[in-house]
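Structural description and commentary
Listed below are the residues making up each chain.
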Amino acid sequence: VLRLLDSTRGTVQLYERLERERGSVLFDYALIYLGFALFVILSSIMLGLWFAQRLAKPVGRLAEAAEQVGRGDLDVRVKEERGRDEIATLSRVFNRMTAQLKDQRDDLIKARDETERRRQFIEAVLSGVTAGVIGLDAEGRVDLMNEAAAEMLGVDAKECFDAPLVRVAPRMEELYRGARAAPNGIAGGEISHIVRGEERELLARVAPKSPGDPAEGFVLTELAAFVDVLRLVNR
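**Concerning the overall build of the chain**
A tally of helices and strands in the chain yields six helices and five strands. The N-to-C order of helical and strand elements in the chain reads α-α-β-β-α-α-α-β-β-β-α. In the chain, once contacts between residues fewer than 6 apart in sequence are set aside, the share between residues at least 24 apart is 36%. When the accessible surface of the chain is split by element, carbon and sulfur atoms take 58% of a total near 17000 Å².

Here's what the structure looks like:
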């Protein structure tokens, strides 16, 4: 009984000691829990920032490259990301797009330069031709007129550029419409045109620029004064 009493007293003393230390133990556990929680939160924030930077950095490069493309710089390229995610696919597609745009722009510049050289060559050739020549686009607007035609019509060739034929020479409009309605796109005849209050009789012929393809536009050739033609025939 005495031994049991001593054991009970020891147990009571141990319980009382643990009861006194419970607050400090709980405080230690709370500190450990708080520290672990802060560690998890900070780790989550750092991981989120890393993922955000990984996503935002390529998007930022794409936005900057798109701005340079908008300014006309088609030589810009972005770093192609590895993998098959959306960012990597977008970077590869962007580089292909800029390369295709650059090729198309170069082709357009070459075509424009070639067209300009041909136009200058045609103008140089037509400047020495005595017959009047007027070129029309698919919409019936003047895109070429030599000096002889401008002199016959009494107009300025530069001012007539891109002007509709009906405004430059109203009485030629019927001949032009006849050519558009003809199966072969060719029409010709005598027309009258008023120059500085005087009526002039002209002979004209309308034909498509490309044989069999009126969509390319027409050209008024062999435009000559009727009096000059009669004088040439009499000779």
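Next comes the rest of the write-up.
**As for the nonpolar core**
Counting 22 residues, the largest nonpolar core has Ile-134, Met-145, Leu-153, Val-168 and Met-172 as the members making the most contacts within it. Those elements giving two or more residues to this core turn out to be strand S1 (132–136), strand S2 (142–145), helix H3 (147–153), helix H4 (165–168), helix H5 (173–181), strand S3 (187–195) and strand S4 (198–210). One finds Ala-65, Leu-74, Val-76 and Val-78 within the second-largest nonpolar core, a separate group that totals seven residues.

**Thoughts on unusual backbone geometry**
Phi is positive for Asp-162, which is not a glycine, with a value near 70°. By relative accessible area, which is 43% here, Asp-162 ends up partly exposed.

**Considering the packing of aromatic side chains**
Summed over the entire model, instances satisfying the criterion amount to one aromatic pair. Seen in terms of ring centroids, Trp-50 and Phe-51 are 4.9 Å apart; in terms of plane orientation they differ by 70°. Their pairing is edge-to-face.

**Overview of a nonpolar patch on the surface**
A cluster of nonpolar residues, Leu-34, Leu-38, Ile-41, Leu-42, Ile-45, Met-46 and Leu-49, forms a patch on the protein surface that exposes about 700 Å² of accessible area. With respect to the helices, strands and loops of the structure, Leu-42 is situated in helix H1 (residues 2–70).

**Focus on the side chain of Ser-91**
Mapped onto the fold, Ser-91 is located in helix H2 (residues 86–126). The residues touching Ser-91, leaving out its near neighbours within four places in the chain, are Leu-62, Val-78, Lys-79, Glu-80 and Glu-81.

**Quick word on the pairing of S1**
Counted residue by residue, S1 has five buried out of five residues, so it is predominantly covered. Two elements, S1 and S2, share three bridges in a ladder whose sense is antiparallel. Residue pairing across strands places Leu-136 opposite Val-142, the latter belonging to S2. Connecting S1 to the next strand, S2, in antiparallel fashion are five residues, including Gly-140 with a positive phi near 80°.

**Focus: the environment of Arg-180**
By the secondary structure assignment, Arg-180 is in helix H5. On the accessibility criterion, Arg-180 (44% relative accessible area) is partly exposed. Separated by 26 residues in the primary sequence, Arg-180 and Val-206 have C-alpha atoms spaced 9.1 Å apart.

**Some remarks on the environment of Ala-124**
Checked against the element boundaries, Ala-124 lands in helix H2. Measuring from C-alpha to C-alpha, the distance between Ala-124 and Asn-146 comes to 9.0 Å, with 22 residues separating the pair along the chain.

**Topic: the pattern of salt bridges**
Tallying each qualifying case throughout the model produces six salt bridges. Salt-bridge contacts for Lys-102 lead to Asp-75; the nearest nitrogen and oxygen are separated by 3.8 Å. In this pair, Lys-102 is assigned in helix H2 and Asp-75 in the loop between H1 and H2, connecting sequence segments 27 residues apart. Several salt bridges share partner residues, and in doing so they unite Asp-75, Lys-102 and Asp-106 into one network.

**A few points about H1**
The end-to-end C-alpha distance of H1 is 98 Å, a good match for the 102 Å that 69 residues give at a rise of 1.5 Å each. Its maximal kink placed at Glu-21, H1 deviates by approximately 45°. Taken together, the buried positions of H1 are Pro-58, Leu-62, Ala-65, Gln-68 and Val-69. Two residues or fewer past H1, Gly-72 is found with a positive phi of approximately 105°.

Cut-offs and rules
Residues numbered from 1 in each chain as written. Predicted model: local features only at pLDDT ≥ 70, side-chain atom pairs only at ≥ 80, totals over all residues. Heavy atoms only, no water. Helix = DSSP H or I, 4+ residues; strand = E, 2+ residues; numbered from the N terminus. Contact = heavy atoms within 4.5 Å. Areas by Shrake-Rupley, 256 points an atom, 1.4 Å probe, with all protein chains shown as cover. Core = buried A, V, L, I, M, F, W, Y, C linked by side-chain atoms within 4.5 Å. Buried < 20%, exposed > 50% of the residue type's maximum accessible area, 1.4 Å probe, protein only. Phe/Tyr/Trp six-rings, centres within 6.5 Å; stacked < 30°, edge-to-face > 60°. Patch = residues over 30% accessible without salt bridge, like charges linked within 9 Å, V, L, I, M, F, W, Y side chains within 5 Å. Salt bridge = Lys/Arg side-chain N within 4 Å of Asp/Glu carboxyl O. Pairing = 2+ DSSP bridges. Expected span 1.5 Å × (residues − 1). Bend = angle between axes of the 7 residues up to and from the residue.

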